[in-house]
Amino acid sequence: MGTVRDEKSSYLKSEALPPLANLKEAELSAHKCRRCPLWERATQTVFGAGDSHARVVFVGEQPGDVEDRTGLPFVGPAGRLLDRALNQAQINRDLCYVTNAVKHFKWESLGQRRLHKKPTSREIQACRPWLQAEIELIQPEVVVGLGATAAASIFGVPVRISDVRGKLTHVESVGKTCLITAHPSSVLRAPDPDAQRTEFNRLVKDLTLLRAFAG
Ligand code: URA
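All of these numbers come straight from a predicted model, not from anything done at the bench. (Residues numbered from 1 in each chain as written. Predicted model: local features only at pLDDT ≥ 70, side-chain atom pairs only at ≥ 80, totals over all residues. Heavy atoms only, no water.)

With respect to the overall build of the chain
Reasoning step 1: Of the regular secondary structure elements, the chain holds nine helices and ten strands.
Reasoning step 2: Over its C-alpha trace the chain gives a radius of gyration of 17 Å, about what one expects of a compact globule, namely 17 Å for 215 residues.
Reasoning step 3: For the C-alpha atoms alone, the extent of the chain along its principal axes is close to 50 × 45 × 30 Å.
Reasoning step 4: Counting over 215 residues, the chain shows a buried share of 48%.
Reasoning step 5: Within the chain, contacts between residues at least 6 apart in sequence are counted, and of these 72% link residues at least 24 apart.
Reasoning step 6: Counting every atom, the chain has about 11,000 Å² of accessible surface; 52% of that belongs to carbon and sulfur.
Reasoning step 7: Taking the average place of the 30 positive charges on the side chains of the chain and the average place of its 24 negative ones, the gap between the two points comes to 3 Å. (Helix = DSSP H or I, 4+ residues; strand = E, 2+ residues; numbered from the N terminus. Rg over C-alpha atoms; globule rule 2.2 N^0.38 Å. Buried < 20%, exposed > 50% of the residue type's maximum accessible area, 1.4 Å probe, protein only. Contact = heavy atoms within 4.5 Å. Areas by Shrake-Rupley, 256 points an atom, 1.4 Å probe, with all protein chains shown as cover. Lys, Arg positive; Asp, Glu negative; His and termini not counted. Charge placed at Lys NZ, Arg CZ, Asp CG, Glu CD.)

Here's what the structure looks like:
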């Protein structure tokens, strides 16, 4: 079936991506993505990065300001916190693949700054085939959703993190074992150092469940 333009929203609804032989081909194709309007204001598509044979795939929300400029996922402040949590949980990021539910930076300006803006359900849905393609090509044993946007993309519907957090569970829509935990930015946003420490330790505890796959 061909591609249909939804005139009202300018979202592109196509049934499927073209056949993609490998991750490189998927990445090149994603760089031309026009499935939603987010590409217009982003510097570039930020595709996943890491081991193409990873047993663990991490899914974040969307690239932030630093990721948008560098073209790499989780290399800004949230990425540094994720790295610290992975270190503490004794998970080797080099053995994993790291990506996002939405592959363009969505932002609004505040003076000179570009402030992160949460993607909508339609944007998550529009980008979902790319995540599905990454999972299909890598065939990991575990898919880890970091935060609500990643969880919504994994389950295909919005879910409450507190309902699904911290358990290795088979998710039918992905056909994989999945683990949902907090987004590293939510740890950074905790109101005071005590709360930040508590949230960080909770994140580390969840990530420890991955040791058997990427320790
Ligand atoms: N937040 C995300 O969800 N992904 C990134 O790549 C960076 C920050």
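Now, onward.
Thoughts on the pattern of salt bridges
Reasoning step 1: Throughout the structure, instances matching the rule amount to 13 salt bridges.
Reasoning step 2: We note a salt bridge from E27 to K24, for which the minimum N-O separation is 3.4 Å. Of the two residues, E27 and K24 both sit in helix 1 (residues 23-30), three residues apart, roughly one turn of that helix.
Reasoning step 3: Across the pair D194 and R197 runs a salt bridge whose closest N-O atoms are separated by 3.0 Å. Separated by three residues within a single helix, D194 and R197 lie in helix 8 (residues 193-208), roughly one turn from each other. (Salt bridge = Lys/Arg side-chain N within 4 Å of Asp/Glu carboxyl O.)

Points about a nonpolar patch on the surface
Reasoning step 1: A cluster of nonpolar side chains, V66, L72 and V75, forms an exposed patch at the surface whose accessible area comes to about 200 Å².
Reasoning step 2: The topology assignment puts L72 in the loop between helix 2 (65-70) and helix 3 (77-88). (Patch = residues over 30% accessible without salt bridge, like charges linked within 9 Å, V, L, I, M, F, W, Y side chains within 5 Å.)

Re the environment of V174
Reasoning step 1: Take V174: it is sitting in the loop between strand 9 (169-171) and strand 10 (176-181).
Reasoning step 2: The residues touching V174, leaving out its near neighbours within four places in the chain, are I135, V143 and I154.

Considering the site of the ligand
Reasoning step 1: Close to the ligand lie G60, E61, Q62, P63, G64, E67, P73, F74, A78, N100 and H183.
Reasoning step 2: Between the ligand and E61, the relevant distance is 2.7 Å, taken from an oxygen atom to a main-chain nitrogen or oxygen of the residue.
Reasoning step 3: Taking N100, its side chain carries an N or O atom lying 2.7 Å from a nitrogen atom of the ligand.
Reasoning step 4: When the ligand sits alone it has 230 Å² of accessible area, and the protein chains cover 93% of it.
Reasoning step 5: Looking at the shell around the ligand residue by residue, the class counts come to four nonpolar, five polar and two charged. (Near = heavy atom within 4 Å. Polar contact = N/O pair within 3.5 Å; in protein donor to acceptor, adjacent residues only side chain to side chain. Nonpolar A, V, L, I, M, F, W, Y, C, P; charged D, E, K, R; others polar.)

Focus on the packing of aromatic side chains
Reasoning step 1: For the structure on display, the rule yields two aromatic pairs.
Reasoning step 2: Relative to W107, the ring of F105 lies with its centre 6.5 Å away and its plane at 25°, an arrangement referred to as stacked.
Reasoning step 3: Exposure remark for F105: the relative accessible area of 2% places this residue in the buried category.
Reasoning step 4: For W107, a relative accessible area of 16% gives the class buried.
Reasoning step 5: Positioned above the aromatic ring of W107 is the side chain of R41, whose terminal nitrogen or guanidinium carbon lies 3.9 Å from the ring centre.
Reasoning step 6: One residue, R114, lies across the ring of W107, its end atom 5.2 Å from the ring centre. (Phe/Tyr/Trp six-rings, centres within 6.5 Å; stacked < 30°, edge-to-face > 60°. Lys NZ or Arg CZ within 6 Å of the ring centre and 35° of its normal.)

With respect to the sheet that holds strand 4 (residues 56-60)
Reasoning step 1: Read across the sheet, six strands follow the order 3-5-4-8-10-9 without closing on themselves; strand pairing throughout is mixed. Bordering the open sheet on either side are strand 3 (49-50) and strand 9, each of which pairs with just one other strand.
Reasoning step 2: Two strands pair when backbone bridges link them, and strand 4 and strand 5 (residues 97-100) are joined in this way by four bridges, in the parallel orientation. Note on strand 5: the bridge partner recorded for G60 is N100.
Reasoning step 3: The sheet strands contacting helix 4 (residues 121-138) are strand 4, strand 5, strand 8 (142-146) and strand 10, and the helix crosses strand 5 at an angle near 165°.
Reasoning step 4: In the packing of helix 5 (residues 148-155) onto the sheet, the strands contacted are strand 4, strand 8, strand 9 and strand 10, and the crossing angle to strand 8 comes to about 140°. (Pairing = 2+ DSSP bridges. Axes fitted to C-alpha atoms, helices over the stretch in contact; angles between N-to-C directions.)

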